[in-house]
Amino acid sequence: MKRYVYDFADGRAEEADLLGGKGAGLAEMTLLGLPVPPGFTVTTEACRFFLLEGHEPEGLEAEIDARLEALEAAVGRRFGDPDEPLLLSVRSGARFSMPGMMDTILDLGLNDATVTGFAKALGHERAAWDCYRRLVQMFGATVLGVPDRLFDDAVTARRERRGAASDVELTVEDLRELTATFRRVLRDQAGRDFPQDPREQLRLAVRAVFRSWQGERARVYRRREGIPEDLGTAVNVQAMVFGNLGPDSGTGVAFTRDPATGRPGVYGDYLAEAQGEDVVAGIRNTVPLHRLAELSPDCHRELLAHLRTLEEHYRDLCDVEFTIERGRLWILQTRIGKRSAEAAFRIAAQLAVERTITMDEALLRVTGAQLSRLMVPGFTGTADHVPLATGLAASPGAAAGAAVFTSAEAVRRAAAGERVVLVRPETSPDDLPGMLAAQAVLTSRGGRTSHAAVVARGLGRVCVCGAESLRVEADAGRFTTADGTVVAAGDLISVDGTLGAVYLGALPLTDSPVSAYLLGGQPDSADGDTVDLLGAVGMLLQHADRCARMRVLANADTAADAAAARTLGARGVGLCRTEHMFLGTRRKLVEEMVLADSDPAREAALARLLPLQRADFEAVLAAMDGLPVTVRLLDPPLHEFLADRTALAVSVAADRAAGRPVSAERERLLAAVERMHEENPMLGLRGVRLGLLVPGLVAMQVRALAEALVARRLAGGDPRAELMVPLVDTVEELRQVRAEVERVLAEVGAESGVAVELPLGTMIELPRAALTAGRIATEAEFFSFGTNDLTQTTWGLSRDDAEAAFLSAYLDRGILRDSPFETLDTAGVGRLVELAVREGRAARPHLATGVCGEHGGDPASIGFFHRTGLDYVSCSPRRVPVARLEAGRAALSPQ
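Let me sum up the structure you'll find in this document. (Residues numbered from 1 in each chain as written. Predicted model: local features only at pLDDT ≥ 70, side-chain atom pairs only at ≥ 80, totals over all residues. Heavy atoms only, no water.)

**Structural notes on the packing of helix H4 (residues 114–122) against helix H5 (residues 125–143)**
Direction vectors running N to C along H4 and H5 enclose 140 degrees, while the axes themselves pass 8 Å from each other. In terms of axis orientation, H4 runs oblique to H5. Between H4 and H5 lies a crossing whose hand is right-handed. Touching Val115, Phe118, Ala119 and Leu122 of H4 are Glu125, Ala127, Ala128, Trp129, Cys131 and Tyr132, all from H5. (Axes fitted to C-alpha atoms, helices over the stretch in contact; angles between N-to-C directions. Helix = DSSP H or I, 4+ residues; strand = E, 2+ residues; numbered from the N terminus. Parallel < 35°, antiparallel > 145°, perpendicular 65-115°, else oblique. Left-handed = near helix turned anticlockwise from the far one by under 90°. Contact = heavy atoms within 4.5 Å.)

Now the structure itself:
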């Protein structure tokens, strides 16, 4: 029979798919000899079976009973024993750490009978009742779905009656009465009493973990992080150890390096007389981990030794949870720690310099998405503003937005296009949708290892937590500062997650040091951390360039854009859009050319355009001297260069109705616009069709480019240009354009005495072009995939309309995991790309291929382009560093 339950000692770190991340970590720590409370893991396969069939697999209950019996023997206590009971913790543990999964259940096994025996065995009646009231609350909230706030309200009311500042000051009698109150709440809300049978408690808890995989919080997080839906979660059942037995007990979270900045050195939080989730929940403010050296020197030394062991073993930042029970240290969990983007780069570089990992491994530990976060702006002029409050710098960056006090409000306002900051006393897994929607998170309680801090770092959100001077009243939609300033919902605030400060209003932003560095500048007064970060970014980008097979080019239409792209590491221009050169004051010339009703009028308009176009090309070629520049022939939807038909018709009609004269020019313009009007201009007279049907247009652009090449060569430059024909449907279109191109090149060569070669290729942006790529390749020397239009025409979607009307709803409902306009649809559009590359190269073996849509700079799409065999990606200049990093990573990633 299939095995569904594994003792910790039976597993391995590499079995995370089967045992989940937590289970694999517990197994590995057990093998390393660390002091891990014994236990067992129910596998992800059991979860998948349960979710598919609606019941546990046959034999699972018997396996759990057998493992439980072995656990009882190992610790010398029996589950459900009224005199000295074994208590258990139950935790979810998916392959990837997921904040949206089920909360931990502690102290499982307590009931009205065992709590008395447990108190006697501990010699600590208060701790026993503290555990019992926690169990009823956790069980009610996580297993039976009772709103957690009902329990929290009862605790708050009890503290207020007692005059207690925290839960620690509650008496045995308070805790006994709270337990009774919790059970009444549970009965009223769930329609049943708290189960007294420990076996039933365990069975229901395991089922609740399985079901939590399908919970809304988990689904939201998986969609956001691209985690597959079919992995399932494991369940970890572990013997309890107790951090709430007095001042010599406590619980904490430790990191082997700072997860916010990447600084070396042990880092974390500790909370005496606490249990389980108290540290990350932020119910009391923690003390820094170094204070443990004063509170328990022996445990501190032992913990440091275990942390060194774990970092050396995993060769990475480790996130470790631990409990001290009456002076004895227990390690409860380890995993590879979530970190900010800054920390990711610094830690990867540090480990490579230390020779703990190779440079290849270091490159694979950072991502283009993280580099994008490092390139976002920060606040400027903070010295001129007094902070509303300061807290812990939990996740770096700067963001401003309207203060909101509930997750639902954050989601609603963000969906309406507003930038928001989620403000909470502390966050919980229920706040995940709001954290995803917000630009920043601010809490008045909690440390750097609180839920808010850990999740914000993982999501790349700015975060300041533990701003204790703020009194946050979420229900009232406001917070009050120490000096009495009230900030209400909708008020603008600025959050600096690098300094840990909060300001009133929206502060001005400035470029990040990383952006300035990549653009060739050096910060005037950078601190040591910034210098280290810039060094790490530079080192890893250089290694990415050495590893990459694909070149990274830029989309640039001006000399300034081309120069910036070159500074950022672009190895050429993959898309120079000539239609962008004719906006503004030049638009009138294009309108005259298109609407000309005679050859002389059209030729006059083209003659005026020629020198302007030639000068533009010369400037771009000079900026990219020695590197390729791919120039695309004019490709405007025609309406972009014509007067607005409706506005013009209304204006003429109004003049006629008022008896005002209408000039012959306006009459002619209206007639021409009516004649050229298209119902769907995105699929109308544009691209190659415009070039073929407007006499002289292709010739003018080819001549301008050829003359620019000649001028640059005569000036001593090394210009390298290619010509790209847009929106081709059939090879015959390309054949006719090629004939015109060759004619003009011959003319320019004869006139200048300089032979001009101009490779001719096409954009593949229509499904028919992809499906007939073998034929098109007989006339094209290169393909550049215009994935934006290829996505629109494959999906039958207008991007602007889809994003405005329904795309966000599709993403929210899980119909789509990503927007196909942001991350390439590999199953549909990607198959067309693969087909076109394969058939194109079958017809022309040395066919060059690339992509010049926005997907060329998308970190999630670049790996696909590498695997498909494209020669380059082209993206906007600011995304060039991201694409460089991902091109290198793609070359190292398994195919």
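Now that the structure has been shown, we can carry on.
**Comments concerning the environment of valine 366**
Note that valine 366 resides in the loop between helix H14 (359–364) and helix H15 (368–374). In this structure valine 366 comes out as buried when scored by relative accessible area, which is 0%. Excluding anything up to four places from it in sequence, valine 366 contacts Ala344, Phe345, Ala348, Leu540, Leu885 and Arg889. (Buried < 20%, exposed > 50% of the residue type's maximum accessible area, 1.4 Å probe, protein only.)

**Section: the pairing of strand E28 (residues 628–632)**
Burial within E28 is extensive, with four of its five residues counted as buried. Two strands pair when backbone bridges link them, and strand E27 (residues 573–577) and E28 are joined in this way by three bridges, in the parallel orientation. Residue pairing for E28: cysteine 576 is matched across the bridge by valine 631. Judged from the five bridges that link them, E28 and strand E29 (residues 720–725) form a sheet pairing that is parallel. Along E29, the bridge assignment pairs arginine 632 with methionine 724. (Pairing = 2+ DSSP bridges.)

**Considerations on the nonpolar core**
In terms of nonpolar packing, the biggest core is built from 128 residues, with Phe345, Met593 and Phe785 touching the most fellow members. Broken down by element, this core gets its largest block of residues, eleven residues, from helix H27 (residues 697–714). Those residues in contact with phenylalanine 345 that sit more than four places away from it in its chain are Val366, Thr367, Gln370, Leu371, Leu374, Leu533, Ala536, Val537, Leu540 and Leu885. Counting residues in hydrophobic clusters, the runner-up holds 82 residues, among them Leu106, Ala128, Ile227 and Val404. (Core = buried A, V, L, I, M, F, W, Y, C linked by side-chain atoms within 4.5 Å.)

**Looking at the sheet that holds strand E5 (residues 88–94)**
One open sheet holds the five strands; their spatial order is E1-E2-E7-E5-E6, and the pairing between them is antiparallel. Either end of the sheet is taken by a strand with one partner, and the two such strands are strand E1 (5–7) and strand E6 (105–108). When the angles between neighbouring strand axes are averaged without regard to direction, this sheet yields 25 degrees. As paired elements, strand E2 (residues 39–42) and strand E7 (residues 233–239) share four bridges and run antiparallel to each other. Counted as the bridge partner of threonine 41 is asparagine 236 from E7. Against the sheet, helix H3 (residues 60–75) makes contact with E1, E2, E5 and E7, and its axis sits at roughly 165 degrees relative to E2, the strand it touches most.

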